[in-house]
Every structure is written in C-alpha cells, then in structure tokens.
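Examination of the molecular architecture
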Amino acid sequence: MIVKRGAVLVLSGPSGAGKSSLINKIIDEIGDCYFSISTTTRPMRPGEREGVDYHFVSEEEFKKGIERDEFLEYALVHGNYYGTSLKPVKEALAQGKLVIFDIDVQGNVSVNSRLGDITTSVFIVPPSLSELERRLRARGTDSEEVIQQRIENAKKEIQRVSEYDFLLINDDLDTAAEQLKLIAKVARMKLPTEEINEFIQKWENI
Ligand code: ADP
Ligand code: 5GP
C-alpha cells in the first residue's frame, strides 16, 4: 500500500529533449519536492555522478532488485534497464512532497496505473526532430550509433504524446522552465480520490 498525501509529476520525452536541463533549472525554485533518482544498467556518461544522476548498477544487481520487488516501475529502454525505486518514493509521498520522475513512456503507463489519481504528466520535446539531433550531437555524450538509436526511439515515443496531460515544447529554455514551474504548481493541487470523498463529506456537514 502506498500512502498517498503528496503528488506526482512525470516528465517524459526523447533523450536530448532537455528534461535534465529543465529539472536542474527549476528544482530549487519549486520547493518541497523530491526528484526520483532512477537505477540504470546503462554506462555512466562523462560528467555524470553516481547517486546524483542515477544509481549505476550491473544487470545482475538490477535483476535482483526486480526479484525483491524493489521497483515501483522498470523498463528496458534503448537496450538498458531503468527503474524507479519504490521506498524513497513512498517516503516522499507520505511527507506530502511533489515527487518528480524523469521516465519513459512505458514508465508513465506503470506510474499512472498505480498512482494515476495524483499524477500529472508532461511530454517534453524540442521544436523538431532535426533540432533533437542537433542537441544530441552538441551534448557530445553519445556515440553516433547511440544517437541514431535515440532518434529512432524518439519517432516512436512522440506517437504516444496523447497519453500525457501536457505537451511542453522546449524551444527557449527559460520560457519552457517557466511553463514547467506552472505545471508543477498545478500538479500539487491534484487531490487523491480518498481526499476528495473526505472533503465532500466534511463540506456537506459544516
Ligand atoms: P534529456 O535530459 O532530455 O536527455 P538534456 O537536458 O541532457 O536532455 O539536454 C540535451 C542537450 O540539449 C544538452 O546539451 C542541453 O544543454 C541542450 N539543451 C537543453 N535545452 C535546450 C534548449 N532549450 N535550447 C538549446 N539547447 C538545449
Ligand atoms: P538517458 O539514458 O538519456 O538518461 O535516459 C533514457 C530514457 O530512459 C529517457 O527517456 C528517460 O526518461 C528514461 N528513464 C530514465 N529513468 C527511468 C526509469 O526509472 N524508468 C523508466 N521507465 N524510464 C526511465
């Protein structure tokens, strides 16, 4: 049972869309939130840090985590495993925090099936596929083969944009960050079904 007092904000979008850049820009300004650090089997990129960007583990360790039921959700993305640990999310929600996930379309489906009534989801894209390609190259962290794989995946992922509450076009970073801050504010206002029922009962009896 997950104690639900907080709220959830899911951010998805192609790799290179600017999710990390946007999160880093707004995280200190939106307050009382918890950014879920995922576990992955993908190799660490230059500049990334263990426990900050991801928990980097071997495939064997990841599979043990699956067996122990440690993940709220997990998925195979671009040939690597990525998963969200359940325990810190439970704790953050019990403290009433806004829990932010950077997860793929498969993860969004799983989170919505478990926490849909407190979840707000945003699909983030650059203005075009060619701009995505330019940003992936400019980031300089992935090989040509990996870039091509991510572009192919982006074409598939964008087909599922209608599964999200909001589409955010990350053209100018400052403008997109302001829009995301607004969405985060609204996400906090989403009430779990139990609280709505409780509110109606009280409201009728005042
Ligand atoms: P993601 O986390 O979605 O994979 P990143 O935040 O790593 O994406 O962004 C990919 C690259 O694009 C980075 O080099 C980043 O600096 C750059 N970038 C992000 N947002 C913008 C933007 N609005 N305009 C131009 N470049 C951007
Ligand atoms: P990257 O390798 O660029 O950091 O991430 C690749 C993709 O994996 C992105 O679409 C990102 O949102 C997704 N991802 C990262 N962590 C998780 C996770 O815990 N679960 C799921 N389902 N996807 C994740």
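Basis of the calculations
- Residues numbered from 1 in each chain as written.
- Chains lettered and ligands numbered in written order.
- Predicted model: local features only at pLDDT ≥ 70, side-chain atom pairs only at ≥ 80, totals over all residues.
- Heavy atoms only, no water.
- Helix = DSSP H or I, 4+ residues; strand = E, 2+ residues; numbered from the N terminus.
- Rg over C-alpha atoms; globule rule 2.2 N^0.38 Å.
- Buried < 20%, exposed > 50% of the residue type's maximum accessible area, 1.4 Å probe, protein only.
- Areas by Shrake-Rupley, 256 points an atom, 1.4 Å probe, with all protein chains shown as cover.
- Lys, Arg positive; Asp, Glu negative; His and termini not counted.
- Charge placed at Lys NZ, Arg CZ, Asp CG, Glu CD.
- 1 Å grid on protein atoms, 1.4 Å probe; cavity = no way out; pocket = protein on both sides within 12 Å on 5 of 7 lines; lining within 4 Å.
- Points joined across faces, edges and corners; volume = space filled by probe spheres on them.
- Nonpolar A, V, L, I, M, F, W, Y, C, P; charged D, E, K, R; others polar.
- Arc of directions from axis to C-beta.
- Contact = heavy atoms within 4.5 Å.
- Near = heavy atom within 4 Å.
- Polar contact = N/O pair within 3.5 Å; in protein donor to acceptor, adjacent residues only side chain to side chain.
- Sits in = over half its atoms within 2 Å of the grid points.

A separate point is the overall build of the protein chain. The helix and strand tally for the protein chain stands at eight helices and nine strands. Computed over the C-alpha atoms, the radius of gyration of the protein chain is 18 Å, within 12% of the 17 Å expected from 2.2 N^0.38 for a compact globule of 206 residues. Along the longest, intermediate and shortest principal axes, the C-alpha atoms of the protein chain span 65 × 40 × 30 Å. When each of the 206 residues of the protein chain is scored for burial, the buried share is 44%. Surface accessibility of the protein chain: about 11300 Å² in total, with carbon and sulfur atoms responsible for 52%. One way to put it: in the protein chain the 27 positive side-chain charges average out to a point 1 Å from where the 34 negative ones average out.

This next bit is on the layout of surface pockets. If you add up the space inside the largest pocket, you get close to 1000 Å³. Along its surface, the largest pocket is lined by 46 residues, and Lys19, Ser20, Arg45, Tyr54 and Asp102 are the ones closest to its centre. Counting residues per element, the ones that place at least two in the lining of the largest pocket are helix 1 (19–30), strand 5 (71–77), strand 6 (80–85), helix 5 (129–139) and helix 6 (144–157). For the lining of the largest pocket, the leading source of residues is helix 1, giving six residues. Across the lining of the largest pocket, the residue classes tally to 15 nonpolar, 17 polar and 14 charged.

Let us now look at helix 3 (residues 86–94). When helix 3 is considered as a whole, its buried residues turn out to be Leu86, Val89, Ala92 and Leu93. Around the axis of helix 3, the buried residues are gathered within 135° of arc, so they sit on the same side. Contacts made by the buried residues of helix 3 are with strand 1 (7–12), strand 2 (33–35), strand 5, strand 6, strand 7 (98–102) and helix 4 (105–115). After helix 3 finishes, the residue Gly96 shows a positive phi value of roughly 80°.

Next up on the list: the site of ligand 2. With respect to spatial proximity, 19 residues lie near ligand 2, and among them Ser38, Arg42, Tyr54, Tyr82 and Asp102 are the closest. Contact between ligand 2 and Thr84: an oxygen atom at 3.3 Å from a side-chain N or O atom of the residue. Contact between ligand 2 and Asp102: an oxygen atom at 2.7 Å from a side-chain N or O atom of the residue. Spatially, ligand 2 is embedded in the largest pocket.

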